[in-house]
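A closer look at the structure
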Amino acid sequence: MAENTGAAGAVNPGFEELLDKYRRGMSIIVEGARIDTGQTPKEVVWTKNKAKLYRYEPYREKRYRTPILIVYALINRPYVLDLIPGNSFIEYLAGEGFDVYMLDWGIPGDEDAGMSFEHYVLDYLPRAARKVMRTSGAEDYTLFGYCMGGTMSAMYAALFPERMRNLILLTAPIAFPKEHLGLYALFTDSKYLDPGIMADAFGCIPGEIIDTGNRMLRPVTNYVGTYINMWERIFEDKPMETWLAMNKWVNDGPPFPGAAFKQWITEFYQQNRLVKGEIRLRGRRVDLSNIRCPLLSIAGRKDHICTVPQAEAIMDLVSSEDKEFFVLDAGHVGLMTGRGAKKGLWPKVSGWLAERSN
């Protein structure tokens, strides 16, 4: 112990600092990441069941009248788009003068197990879109869908194209051929997964189960690399805010309503029905050729959750004359919050919209 104490028996400052860093890391591992997320000022302008529609920085003067309605997936939480100040896509768009709204699906309870895509696409989205236009005073709007939220947005745009000014799809899977699904082809194969049994057993599929499935696509990176990165940041005194926010988000997945989960696995992953024009919501066929508004579809070259071909498939299905497919050298979440997001995704979306919003 002599090498860790000073002349008067005091603990060596370097050793004490080492212990403090070790305590910080173990506290995160045991208790979870603690940090405030979703801090861009907002107000709730509409609610339905667990869902809330937020308007961001309502007091700020808007440069563009065309509002943006952001729709996120049913898995994970949408605050990944408003992570922390300085690393927030929503904060950036609001700062550029856009009127930004986001639909937060909330956290479903056991009573929501029967919620399906019919409810989300036919009941929630039309009302949210109308509220956005009424609140902003606009006659049309931009729909921005991320991940599964993009798939739902594409279906909605096909069924309700009338007042849609623009459609942006970010890492939105449209086609589900097995050759482009990676390990998802194995995980979702009907020989190994019966989503109906899971839905009957759980009602709402626990977020931990969904998260485990996603992490197992890259287990070493997700289970080992994450904490190697944490310890490096702690011991090298690097900023921890973004790491803490992302770790909090990854471990904050809500339950997935059983009815929607069954549809998602069966009709999309196992049967690939969307690109075939075979998806029906309460008898209404989802025909993506009904989409005629300007379209921007964005994919990540390193994305293993929505591969480039899955996102690109929509380009041959819509009737839009003004359409663009843009690929970033990033992963599913990294393109939104990674180091290159501020130079890649954010200005791309802002510039594209600036030319197509009044």
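Rules used throughout
Residues numbered from 1 in each chain as written. Predicted model: local features only at pLDDT ≥ 70, side-chain atom pairs only at ≥ 80, totals over all residues. Heavy atoms only, no water. Pairing = 2+ DSSP bridges. Helix = DSSP H or I, 4+ residues; strand = E, 2+ residues; numbered from the N terminus. Axes fitted to C-alpha atoms, helices over the stretch in contact; angles between N-to-C directions. Salt bridge = Lys/Arg side-chain N within 4 Å of Asp/Glu carboxyl O. Buried < 20%, exposed > 50% of the residue type's maximum accessible area, 1.4 Å probe, protein only. Phe/Tyr/Trp six-rings, centres within 6.5 Å; stacked < 30°, edge-to-face > 60°. Lys NZ or Arg CZ within 6 Å of the ring centre and 35° of its normal. Core = buried A, V, L, I, M, F, W, Y, C linked by side-chain atoms within 4.5 Å. Contact = heavy atoms within 4.5 Å.

**Side note on the sheet that holds strand S8 (residues 164-170)**
- With respect to topology, eight strands assemble into an open sheet ordered S1-S2-S6-S3-S7-S8-S13-S14, the strand pairing being mixed. Both edges of this open sheet fall to strand S1 (42-48) and strand S14 (323-328), since each of them pairs with a single strand only. With direction set aside, neighbouring strand axes in the sheet form an average angle of 20°.
- Direction of pairing for S1 relative to strand S2 (residues 51-56): antiparallel, over a ladder of six bridges. Along S2, the bridge assignment pairs Trp-46 with Leu-53.

**Topic: the pattern of salt bridges**
- This structure, assessed with the given rule, holds 17 salt bridges.
- We note a salt bridge from Arg-60 to Glu-57, for which the minimum N-O separation is 2.4 Å.
- The exposure class assigned to Arg-60 is partly exposed, which follows from its relative accessible area of 33%.
- Its relative accessible area of 7% is what places Glu-57 among the buried residues.
- Here the salt bridges share partners, and the residues they tie into one network are Lys-50, Glu-111 and Asp-112.

**As for the packing of aromatic side chains**
- Evaluated as defined, the whole model comprises 19 aromatic pairs.
- Summarising the aromatic geometry, the rings of Tyr-64 and Phe-98 are spaced 4.4 Å apart at their centres and angled 15° between planes, so their arrangement reads as stacked. Of this pair, Tyr-64 sits in the loop between S2 and strand S3 (68-71) while Phe-98 sits in the loop between helix H2 (89-95) and strand S6 (100-104), and the two are 34 residues apart along the sequence.
- You can call Tyr-64 buried: its relative accessible area is 12%.
- Directly above the aromatic system of Tyr-79 lies the positively charged group of Lys-248, at a separation of 5.5 Å from the ring centroid.
- Stacked on the ring of Phe-160, the Lys or Arg Arg-284 has its end atom at 4.9 Å from the ring centre.

**Side note on unusual backbone geometry**
- Backbone geometry at Asn-76 places phi at a positive 65°, although glycine is not the residue there.
- By secondary structure assignment, the location of Asn-76 is in the loop between S3 and strand S4 (82-84).
- Overall, Asn-76 belongs to the buried group, its relative accessible area being 17%.
- One non-glycine residue, Arg-282, adopts positive backbone phi at about 50°.
- Relative to the helices and strands, Arg-282 is located in the loop between strand S11 (280-281) and strand S12 (284-285).
- Classification of Arg-282 by relative accessible area gives partly exposed; the value is 47%.

**Focus on the nonpolar core**
- Leu-69, Leu-81, Phe-144, Tyr-146 and Phe-256 are the most contacted members of the largest nonpolar core, which totals 112 residues.
- With near-sequence residues (within four places) excluded, Phe-256 lies in contact with Leu-74, Ile-75, Met-148, Gly-203, Cys-204, Ile-205, Ile-210, Phe-261 and Trp-264.

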